[in-house]
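Spelled out from the first residue to the last, the chains are:
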Amino acid sequence: MNPIEYVESVKERLSTDSIVIRFDVIREFASLEEGFIRVRANLTNGDILDFSEFVQWLDDLELTSYRYHWMDKDKHLIRRWDNAKHFPDLQNFPHHIHISETDVTSGKLVNIFDVLDEIASAIHKLKR
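These remarks concern the structure in this document. (Residues numbered from 1 in each chain as written. Predicted model: local features only at pLDDT ≥ 70, side-chain atom pairs only at ≥ 80, totals over all residues. Heavy atoms only, no water.)

Spanning 14 residues, helix H1 (residues 3-16) covers 20 Å between terminal C-alpha atoms, matching the ideal 20 Å at 1.5 Å per step. All of the buried residues in H1 are Pro-3, Tyr-6, Val-7, Ser-9, Val-10, Lys-11, Arg-13 and Leu-14. (Helix = DSSP H or I, 4+ residues; strand = E, 2+ residues; numbered from the N terminus. Expected span 1.5 Å × (residues − 1). Buried < 20%, exposed > 50% of the residue type's maximum accessible area, 1.4 Å probe, protein only.)

Structure (structure tokens):
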């Protein structure tokens, strides 16, 4: 998959995902070498997911920069996954998760598909 196809696959997933009510693409660009997408999505439970991804073709498709900011309807942070290089002492640097504004833990490389699956699981657990 090249960056153009990847950006299109992100929009397709958002269009068909059962937890996404609507989404707005704030910015996007894609070529055979790189792609970027920034989106704000409204979820079925009233939460908001604001995210951006930057992918590059480097012998294969690589997600080189990401930020997924999940917040409640009042815009309070629920969780943020990102790979900004500001926590070098954490295991799996630069991947980390903000559990709150002051609580950060080690993370792993994730993409929007992983994050949507995790949010869907959390939403379904709360409905039980």
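After presenting the structure, the write-up continues.
In this structure the tally under the stated criterion is eleven salt bridges. Among the salt bridges present, the one from Asp-17 reaches Arg-13, with a minimum N-O distance of 2.8 Å. For the pair Asp-17 and Arg-13, a shared accessibility class is recorded, and that class is buried. Ionic pairing is found between Asp-24 and Arg-22, a salt bridge with its closest N-O pair at 2.8 Å. (Salt bridge = Lys/Arg side-chain N within 4 Å of Asp/Glu carboxyl O.)

The next point concerns the packing of aromatic side chains. All told, the structure shown has six aromatic pairs when counted by the stated rule. Aromatic pair Trp-70 and Trp-81: ring centres 6.3 Å apart, planes at 10 degrees, arrangement stacked. Placement of the pair is Trp-70 in strand S4 (residues 61-71) and Trp-81 in strand S5 (residues 77-82), with a sequence separation of eleven residues. Put simply, the rings of Phe-29, Phe-36 and Phe-54 pair up and form one aromatic cluster. (Phe/Tyr/Trp six-rings, centres within 6.5 Å; stacked < 30°, edge-to-face > 60°.)

A few words now on the sheet that holds strand S2 (residues 34-43). Strands sit in the order S1-S2-S3-S4-S5-S6-S7 across an open sheet of seven strands; the sheet is antiparallel. Only two strands of the sheet have a single neighbouring strand rather than two, namely strand S1 (20-30) and strand S7 (104-106). Sheet twist, expressed as the average angle between the axes of neighbouring strands with direction ignored, equals 15 degrees. Relative to strand S6 (residues 96-98), S5 runs antiparallel, the two being bridged by three bridges. Within S6, the position partnered with Arg-80 by the bridge is His-98. Those strands touched by H1 are S1, S2, strand S3 (48-57) and S4, and its axis lies near 165 degrees from that of S1. (Pairing = 2+ DSSP bridges. Axes fitted to C-alpha atoms, helices over the stretch in contact; angles between N-to-C directions. Contact = heavy atoms within 4.5 Å.)

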